[in-house]
Amino acid sequence: MSEPSEDLSAFIAGLPKAELHIHIEGSLEPEQMFEFARRNRVDLPFASVEEIRQAYRFTRLQDFLDIYYEGARVLLTEQDFHDLGMAYFRRLAADSGRHAELFFDPQTHTDRGLPFQVAADGLLSAMAQAERELGVTSKLILCFLRHLDEDAAFATLKAAEPWLDRIAGVGLDSSELGHPPSKFARVFHAAGERGLKRVAHAGEEGPPQYVWEALDILRVDRIDHGNRALEDPALTARLAADGMTLTVCPLSNQKLCVVDDLAAHPLPLMLALGLKPTINSDDPAYFGGYLNANYRAVAEATGLSREALATLARNSFTGAFLDEAATARHVAEIDAYVAGSSGKA
Ligand code: HPA
Ligand code: ZN
């Protein structure tokens, strides 16, 4: 894959942006996996960093999930989660990222015997440090694993109770096919009653029906992925009418064969249809790139203009769970950046 022109790369590099779809466990780089395995005395089924990278060949979501849950076994202490978070925030800041809304999967950790507190407090301390030292703000989103049952999701919401003032919302991730959003109707309702925002992965591999269910049954504030919504014109019209933010992940879509070819990625069509897509990295350590790498790859493959890229960055702030003043400040920064860049060939 060739890179976009130097100019477009430089434009992307300096463009202020937010990331709304990042699984923090998916930012675990192979080097860090080895470091945590060593310090925690966890056996890894890989002999080297190269061997790990060799294993990152996926044809569908489940291939990736199997290896992603395996990798997460090295995370055992609050310090591990803190270090994982800080490594991500440093990369985000280097990509002109100003804000992130992090997914984490508590059940992946509590099912291994870690108390809920370990992941939550480790991540929250990294979030505080990132704001202090890097000026990057963030929010935390607790994801329920959809391959487990709704009772397990309720138990997780209960375990999270003491942290709910520091958790912005709930999400739904893991194996999509066979696990429709309707399976989690009651727990999402309970989360809404506690004042939590709601998001759900839908339409990554699952049919348009799952996106309808996320909207009408889970009453989500954003759709994560949403690619397959485009198969249903009535659904597409509904998403446009609602101004629903879609958190789209180009390199993830390519790695998991959600798209055949990045050149055929639906992002330009989503923009043309009046939808509100954003660009995100999903699981950057596994899919080959952080936030700017996703902007560059999809811009190069589909020919997105600077104006389109600026729209995508604006969408990342208008779709974030930020207050109006913060959103306006970030959008104004983008407007000034675009104005300052125009005229440069
Ligand atoms: N899809 C579903 N579940 C996930 C993903 C994803 O891309 N990444 C981590 N959990
Ligand atoms: Zn995801």
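Within any chain, residue numbers begin from 1 and follow the written order of that chain's sequence. The naming scheme follows written order: chains are lettered A onward, ligands numbered 1 onward. Selection of residues for local features in this predicted model requires a pLDDT of at least 70, selection of side-chain atom pairs for listing and counting requires 80 or more, and totals for whole chains, interfaces and linings are taken over all residues. As a rule here, side-chain values cover all heavy atoms of the structure and leave hydrogens and water aside.

1. Topic: the overall build of the chain
Selection rule: In this text, helices come from DSSP runs of H or I with a minimum length of four residues, and strands from runs of E with a minimum of two, each type numbered from the N-terminal end. Only C-alpha atoms enter the radius of gyration, while the globule expectation follows 2.2 Å times N to the 0.38, with N the number of residues. For every residue, the accessible area (1.4 Å probe, protein chains only) is compared with the maximum for its type, and the residue is labelled buried under 20%, exposed over 50%, or partly exposed between those bounds. Residue contacts are counted whenever heavy atoms from the two residues lie within 4.5 Å of one another. In this tally Asp and Glu are treated as negative and Lys and Arg as positive; neither His nor the chain ends contributes. Working definition for charges: the position is that of NZ of Lys, CZ of Arg, CG of Asp or CD of Glu.
On a plain count of helices and strands, the chain comes out with 17 helices and eight strands. Computed over its C-alpha atoms, the radius of gyration of the chain comes to 19 Å, within 12% of the 20 Å expected for a compact globule of 345 residues. Referenced to the eigenvectors of the C-alpha coordinate spread, the extents of the chain come out at roughly 55 × 45 × 40 Å. Residue burial in the chain is summarised as follows: out of 345 residues, 59% are buried. Within the chain, contacts between residues at least 6 apart in sequence are counted, and of these 77% link residues at least 24 apart. One finds the centroid of the 33 positive side-chain charges in the chain at a distance of 3 Å from the centroid of its 51 negative side-chain charges.

2. Some details on the coordination of the zinc ion (ligand 2)
Under perfect tetrahedral coordination by four donors, a metal shows angles of 109.5 degrees; under perfect octahedral coordination by six donors, it shows angles of 90 or 180 degrees. Rules: Atoms are scored as donors when they are N, O or S and lie within 2.8 Å of the metal, with 3.2 Å used for Na, K and Ca; no water is included, so coordination may look incomplete.
Protein-derived ligands of the zinc ion (ligand 2) are H21 (NE2), H23 (NE2), H201 (NE2) and D282 (OD), with the metal-ligand distances lying across 2.0 to 2.2 Å. Here the donor residues of the zinc ion (ligand 2) share one chain and are spaced in sequence as H-x1-H-x177-H-x80-D. Linking H21 in strand 1 (residues 17-23) with H201 in strand 5 (residues 197-202), this pair joins segments that are 180 residues apart in sequence. With respect to class, H21 is no different from H201; both count as buried.

3. A closer look at the site of ligand 1
So the rule is basically this: The rule for a residue being near a molecule or strand is that one of its heavy atoms must lie within 4 Å of it. Residue-level accessible areas treat just the shown protein chains as cover; the underlying method is Shrake-Rupley with a 1.4 Å probe. Whether a set of points on the 1 Å grid over the protein atoms alone is a cavity depends on a 1.4 Å probe fitting there but being unable to get out, while an open set qualifies as a pocket with protein on both sides within 12 Å along at least five of seven lines; lining residues are those with an atom within 4 Å of a point. Each molecule is checked against the cavity or pocket grid, and it sits inside if more than half of its atoms lie within 2 Å of the grid points.
Every residue near ligand 1 is listed here: H23, L61, F64, L65, Y68, D173, S174, H201, E204, H225, D282 and D283. Within the complex, the protein chains bury 100% of what would otherwise be the 260 Å² of accessible surface of ligand 1. Comparing atom positions with the cavity grids shows ligand 1 to sit within the largest cavity. The leading source of residues in the shell around ligand 1 is helix 4 (residues 61-71), at four residues.

4. Some points on the side chain of S281
Relative to the helices and strands, S281 resides in the loop between strand 8 (276-279) and helix 14 (284-287). Ignoring any residue separated from it by four or fewer positions in sequence, one finds S281 in contact with E19, H21, I22, F287, G289, Y290, L291 and N294.

5. Notes on helix 10 (residues 208-216)
Those residues of helix 10 lying buried are P208, Y210, V211, E213, A214 and L215. Buried positions along helix 10 lie against strand 5, strand 6 (222-225) and helix 11 (233-242).

6. Some details on the state of the cysteines
We apply this condition: Defined by distance alone, a disulfide is two cysteine sulfur atoms within 2.5 Å.
According to the stated counting rule, one finds zero disulfides in the structure shown. Between C143, a free cysteine, and C249, which holds the nearest cysteine sulfur, the sulfur-to-sulfur gap is 12 Å. Judged by its relative accessible area of 0%, C143 is buried. As a non-bridged cysteine, C257 has C249 as the owner of its nearest cysteine sulfur, 15 Å distant. Overall, the relative accessible area of 42% leaves C257 in the partly exposed class.

7. Concerning the sheet that holds strand 8
Defined as follows: Pairing between strands is defined by DSSP: at least two bridges between the two strands are required. Axis lines are fitted through C-alpha atoms, for helices just across the contact stretch, and the angle between N-to-C directions can take any value from 0 to 180 degrees.
Strand order across the open sheet formed by eight strands is 1-2-3-4-5-6-7-8, with parallel pairing between neighbours. The open sheet has two edge strands, strand 1 and strand 8, and neither has a second partner. Within this sheet the neighbouring strands show an average axis-to-axis angle of 25°, counted without direction. Taken together, the four bridges between strand 7 (residues 245-248) and strand 8 define a ladder with parallel strand orientation. By the bridge assignment, L246 is partnered in strand 8 with P277. Sheet contacts for helix 9 (residues 185-193): strand 3 (137-145), strand 4 (169-173) and strand 5; angle to strand 4, the most-contacted strand, approximately 160°.

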